[in-house]
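Structure at a glance
Residues per chain are reported as follows:
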Amino acid sequence: MIWYPYEQMKTMKAPYEILDADGVYLFTKDQKLIDSVSSWWSVIHGYKHPELNQAIISQAEKFSHVMLGGLTHAPALKLSEKLQSWLPGDLDYCFYSDSGSVAVEVALKMALQYSMNRGEPQRTMILALEHAYHGDTFKTMEAGDDEDYHFVLKAYGPSRYVVHIPTKTEALEEAFREYHDRLNCFLVEPLLQGAGGMRMYDVSFLKRARELCDRYGVLLIFDEVATGFGRTGNRFAADLVLPDILVLGKALTGGYIGHAATVANKKVFDGFYDDNPGHALMHGPTFMGNALACSVALKSIELFETQDYLSKIRRIEEITRREMEGFSDPRIREIRIMGGCVCVEVDDPAVIKGYQQFAYERGVFSRPFLKYMYAMVPYVIKEEELVQVLDTMKAWFAR
Ligand SMILES: *Cc1c(COP(=O)(O)O)cnc(C)c1O
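Below is a summary of the structure that appears in this document.

1. Some thoughts on empty space enclosed by the protein
In total, this model carries one cavity of 30 Å³ or more according to the counting rule given. Lining the largest cavity, in full, are I316, T320, G340, C341, V342, A375, M376, V377 and L386. Taken together, the residues of the lining of the largest cavity sort by class into seven nonpolar, two polar and no charged.

Okay, structure coming up:
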């Protein structure tokens, strides 16, 4: 049997079985649902996209996968070249892996070894945010700050290697004052913290972080697994503040195949690039640079560029602001909107219990968690479909 994610298997309600999917719609045997979650924020172009499908089919007719150890191929080369020219600054060195968590692990391993290669092995500490989420593997759980997901780590006691701070400039400055000589990196979900509760904060915090990282020789790592490819209304938060290492996942392949990239700048790459074999990055996931994933990622980026997705996302934000304007309820703590993300935070998790089934009956797939009801829709959504998603949220409170 399937062991489902984040579920008590004994009491979980049966998942909805999907028989087909097309555009923003998922089809069950009795319902047609707008996917307001974009399959965990990844399916930005919707389902069964003819051009994305064709990219995979064409590549599968050549080969679906060959390893990158000792071999290389056009889809992996082209995607790295595309990212090199498309990403800001000198984020030019692309390390592939198969999931966001692994890509964050790679970023942390890269940052740690960067310091070791430079003769600063005492730099072992990670600065991270309160409510951070960076994945479910062990080091990413440690860097994360979400007991609801990662309480199992309590068995080990408090981490000696990770310091968590709120998104306040004073806390940032204080952390650098106290730990700067031991700090290895500052790992952040820029502008929008996703799984930790769709928390939004100002770019000025990241600008200050960039200054402090430069002053104290600390690497700045942006985990844009969730925020990348337009979700905040920016192509990447890295377009506003340039990190040393950028992590991409989720929407990289338009949600078609799990794949991710850890992209380093020249400074980080040069920290490995010398005659010493001991300075090599010793990492290599089996499916890194998978040819189907790279082919569909290339097509996904092409669509994003040629069909002006940033204006689609601006439209989503405008419609969302317009529809949520003036909406309130005593049970709601805050409504937050940024780019293609809207979150209704309530005071008591019990308030949104039952919402998933309510939305299902109204033709919307939603997956509220803890105190958060949210939507992160595919960017190809039509106005009336988005309004339906938002009306469904509002209708829940009007009962
Ligand atoms: C989803 C997510 C991850 C983990 O990605 P997986 O592909 O699920 O391993 C890491 N960081 C952030 C910010 C995420 O939202």
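Having seen it, we continue.
2. Focus: the site of the ligand
In the region of the ligand, the neighbouring residues are W41, S99, G100, S101, Y133, H134, G135, E189, D223, V225, A226 and K250. Contacts to the ligand include G100, whose backbone N or O atom sits 2.8 Å from an oxygen atom. When isolated, the ligand has an accessible area of 390 Å², and the protein chains bury 83% of it. Residues belonging to the shell around the ligand are distributed by class as follows: four nonpolar, five polar and three charged.

3. Considerations on the pattern of salt bridges
Per the counting criterion, the structure on display carries 26 salt bridges. R210 serves as the salt-bridge partner of D214, at 2.7 Å between the closest nitrogen and oxygen. Here R210 and D214 lie together in helix α8 (residues 203–216), a separation of four residues that amounts to about one turn. Here R210 falls in the buried class, since its relative accessible area comes to 14%. A salt bridge links R331 to D329; its shortest N-O distance comes to 2.8 Å.

4. Focus on the packing of helix α7 (residues 169–179) against α8
Running from N to C, α7 and α8 cross one another at 10°; their axes reach a closest spacing of 10 Å. Here α7 is positioned roughly parallel relative to α8, judged by the angle of their axes. Judged by residue contacts, T169, L172, E173 and F176 of α7 engage F205, R208, A209, L212, C213 and Y216 from α8. Split into classes, the residues belonging to the contact of α7 with α8 amount to seven nonpolar, one polar and two charged.

Definitions and limits used
- Residues numbered from 1 in each chain as written.
- Predicted model: local features only at pLDDT ≥ 70, side-chain atom pairs only at ≥ 80, totals over all residues.
- Heavy atoms only, no water.
- 1 Å grid on protein atoms, 1.4 Å probe; cavity = no way out; pocket = protein on both sides within 12 Å on 5 of 7 lines; lining within 4 Å.
- Points joined across faces, edges and corners; volume = space filled by probe spheres on them.
- Nonpolar A, V, L, I, M, F, W, Y, C, P; charged D, E, K, R; others polar.
- Near = heavy atom within 4 Å.
- Polar contact = N/O pair within 3.5 Å; in protein donor to acceptor, adjacent residues only side chain to side chain.
- Areas by Shrake-Rupley, 256 points an atom, 1.4 Å probe, with all protein chains shown as cover.
- Salt bridge = Lys/Arg side-chain N within 4 Å of Asp/Glu carboxyl O.
- Helix = DSSP H or I, 4+ residues; strand = E, 2+ residues; numbered from the N terminus.
- Buried < 20%, exposed > 50% of the residue type's maximum accessible area, 1.4 Å probe, protein only.
- Axes fitted to C-alpha atoms, helices over the stretch in contact; angles between N-to-C directions.
- Parallel < 35°, antiparallel > 145°, perpendicular 65-115°, else oblique.
- Contact = heavy atoms within 4.5 Å.

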